[in-house]
Amino acid sequence: MKVAVLFHLLGAVVWIGGMFFAYMALRPAAAALLEPPQRLPLWTATLARFFAWVWVAVAFVLGSGFYMVGVLAQVARIPLYVHAMLYIGLVMTLIFAYVYFSPFAALKRAVAQKAWPQGGAALNQIRRAVAVNLSLGLANIAVATVGAGF
Ligand code: HEM
């Protein structure tokens, strides 16, 4: 169970910390300093690398999470906050998969064709989805820690 918690937290730190950096630090800096022909390829190259790690992080979080749910189910009943964590985690995974296969794919296509307005629109969709997922991720840490007291 301890090793599962370790994998769980490593996955959550990489995923949520990465979203925090992208949204709170890189986004405002890139918007202030770069024009679309530089900014959009930078985002494509950055997100391609980050999203590859997010798939690994999702596998860590879900794999360890479902393993621990299995252990808890054998010992006793599964507490309410773990149910909440599970559903929030699954919603986050669906949002990430949507971003990866829809607006991120559109961003890559637009950048390859130097279609900056379309690329900007795709990046805007990614920004909104990441804002939601970052909020859900931070809230889920609260659910997993403070929520355990209820
Ligand atoms: C991004 C999503 C998630 C975050 C940020 C998160 C975060 C956490 C944190 C901080 C802990 C506390 C570790 C400790 O103090 O020992 C924890 C425990 C746990 N998580 Fe998650 N989690 C997420 C998703 C999930 C999912 C999807 C599942 C189920 C499939 C899950 C199942 C569990 C279980 C079973 C525990 C152990 C609870 C216990 O010891 O009573 N988590 N999680």
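What counts and how
What you see as residue numbers is a count from 1 along each chain, following the sequence as written. Local features in a predicted model are, by the rule used here, given only for residues with pLDDT of at least 70; side-chain atom pairs are given and counted only at 80 or more, and totals for whole chains, interfaces and linings are based on all residues. The basis for every side-chain value is the complete set of non-hydrogen atoms in the structure, without hydrogens or water. For Na, K and Ca the donor cut-off is 3.2 Å, and for all other metals it is 2.8 Å, counting N, O and S atoms only; because water is absent from this set, sites may look incomplete. Burial classification: accessible surface area is computed with a 1.4 Å probe over protein chains only, and a residue below 20% of its type maximum counts as buried, one above 50% as exposed, and the rest as partly exposed. Axis definition: a line fitted to C-alpha atoms, limited for helices to the stretch in contact. Angles are taken between N-to-C directions and run from 0 to 180 degrees. Secondary structure elements are defined from DSSP: runs of H or I of at least 4 residues count as helices, runs of E of at least 2 residues count as strands, and each element is numbered from the N terminus. These descriptions rest on fixed angle ranges, namely under 35 degrees for roughly parallel, over 145 for roughly antiparallel, 65 to 115 for roughly perpendicular, and the rest for oblique. Each helix crossing is assigned a hand: it is left-handed if the near helix lies turned anticlockwise from the far helix by less than a right angle, otherwise right-handed if that turn is clockwise. Note on contacts: a residue pair qualifies if any of its non-hydrogen atoms lie within 4.5 Å across the two residues. Three classes are used: nonpolar for Ala, Val, Leu, Ile, Met, Phe, Trp, Tyr, Cys and Pro, charged for Asp, Glu, Lys and Arg, and polar for all others, with Gly counted as polar. Nine residue types can take part in a nonpolar core, namely buried Ala, Val, Leu, Ile, Met, Phe, Trp, Tyr and Cys, and a core is a set of them joined through side-chain atoms within 4.5 Å. Put simply, two rings from Phe, Tyr or Trp (the six-membered ring, in Trp's case) pair if the centres are within 6.5 Å, and we call them stacked under 30 degrees between planes, edge-to-face over 60, tilted for the rest. Throughout this description, a polar contact denotes any pair of N or O atoms lying within 3.5 Å of each other; where both atoms belong to protein, one of them has to be capable of donating a hydrogen while the other can accept it, and for residues adjacent in sequence the pair is counted only when both atoms sit in side chains. Surface patches are defined over residues having more than 30% relative accessible area and no salt bridge, joining like charges when they lie within 9 Å and nonpolar side chains (Val, Leu, Ile, Met, Phe, Trp, Tyr) when within 5 Å. For the accessible areas, the method is Shrake-Rupley and the probe is 1.4 Å, while residue cover comes only from the protein chains on display. The rule for a salt bridge is simple: a side-chain nitrogen of Lys or Arg has to be within 4 Å of a carboxyl oxygen of Asp or Glu. Near, as used in this document, describes a residue that has one of its heavy atoms within 4 Å of the molecule or strand being considered.

Caption draft 1: Representation of the coordination of the iron atom of the ligand within the structure. The protein atoms donating to the iron atom of the ligand are His8 (NE2) and Met85 (SD), with metal-donor distances spanning 1.9 to 2.0 Å. You can call His8 buried: its relative accessible area is 14%.

Caption draft 2: Examining the packing of helix H2 (residues 36–75) against helix H4 (residues 103–112) more closely. At a minimum axis separation of 10 Å, H2 and H4 run at an interaxial angle of 140°. Taken as axis vectors, H2 and H4 run oblique relative to one another. As H2 packs across H4, the resulting crossing turns out to be left-handed. Contacts between H2 and H4 involve Leu40, Pro41, Thr44, Leu47, Ala48 and Phe51 from the first element and Phe104, Leu107, Lys108 and Val111 from the second. A class-by-class count of the residues in the contact of H2 with H4 yields 8 nonpolar, 1 polar and 1 charged.

Caption draft 3: Inspection of the nonpolar core at higher detail. In this structure, Trp15, Met19, Leu47, Phe51, Leu107 and Ile126 are the most contacted members of the largest nonpolar core, which totals 31 residues. Mapped onto this core, the elements with two or more residues apiece are helix H1 (2–33), H2, helix H3 (80–101), H4 and helix H5 (116–145). Among the elements that line this core, the one with the most residues is H2, at 9 residues. Every residue in contact with Trp15, bar those within four places of it in the chain, is listed here: Phe50, Val54, Ala57, Val58, Gly89, Met92, Thr93, Phe96 and Asn133.

Caption draft 4: Structural detail: the packing of aromatic side chains. What the rule picks out here adds up to 11 aromatic pairs. Between Trp55 and Tyr100 the ring centres are 5.4 Å apart and the planes differ by 80°, which places this aromatic pair in the edge-to-face class. With a gap of 45 residues between them, Trp55 in helix H2 and Tyr100 in helix H3 connect regions that are remote in the sequence. Ring centres 5.7 Å apart and planes at 40° place the aromatic pair Tyr100 and Phe104 in the tilted group.

Caption draft 5: Summary view of unusual backbone geometry. You will see that Lys114, though not glycine, has its phi angle at about 55°, which is positive. Checked against the element boundaries, Lys114 lands in the loop between H4 and H5. Here Lys114 falls in the exposed class, since its relative accessible area comes to 60%.

Caption draft 6: Here's a closer look at the side chain of Thr44. With respect to the secondary-structure elements, Thr44 resides in helix H2. Looking at Thr44, the relative accessible area reads 12%, which means it is buried. Here Leu40 takes part through its backbone oxygen, which lies 2.8 Å from a polar atom of the side chain of Thr44. Here Thr44 is in contact with Phe104, Leu107, Lys108 and Val111, once residues within four sequence places are set aside.

Caption draft 7: Structural context of a nonpolar patch on the surface. Residues Val3, Leu6, Phe7, Leu10, Val14, Trp53, Val56 and Phe60 make up a contiguous nonpolar surface patch of roughly 730 Å² in combined accessible area. When residues of the nonpolar patch are traced back to their parent elements, those giving at least two are H1 and H2.

Caption draft 8: Structural view of the site of the ligand. Close contacts around the ligand come from 21 residues, with His8, Tyr81, Met85, Asn140 and Ala144 the closest. Within the side chain of His8, an N or O atom sits 2.8 Å from a nitrogen atom of the ligand. Contact between the ligand and Tyr81: an oxygen atom at 2.7 Å from a side-chain N or O atom of the residue. For the shell around the ligand, the secondary structure elements donating two or more residues are H1, H2, H3 and H5. Ranked by the residues each element gives to the shell around the ligand, the list is headed by H2, at 7 residues. Per-class residue counts for the shell around the ligand are 18 nonpolar, 3 polar and no charged.

These values are about where atoms sit, not about what they do.
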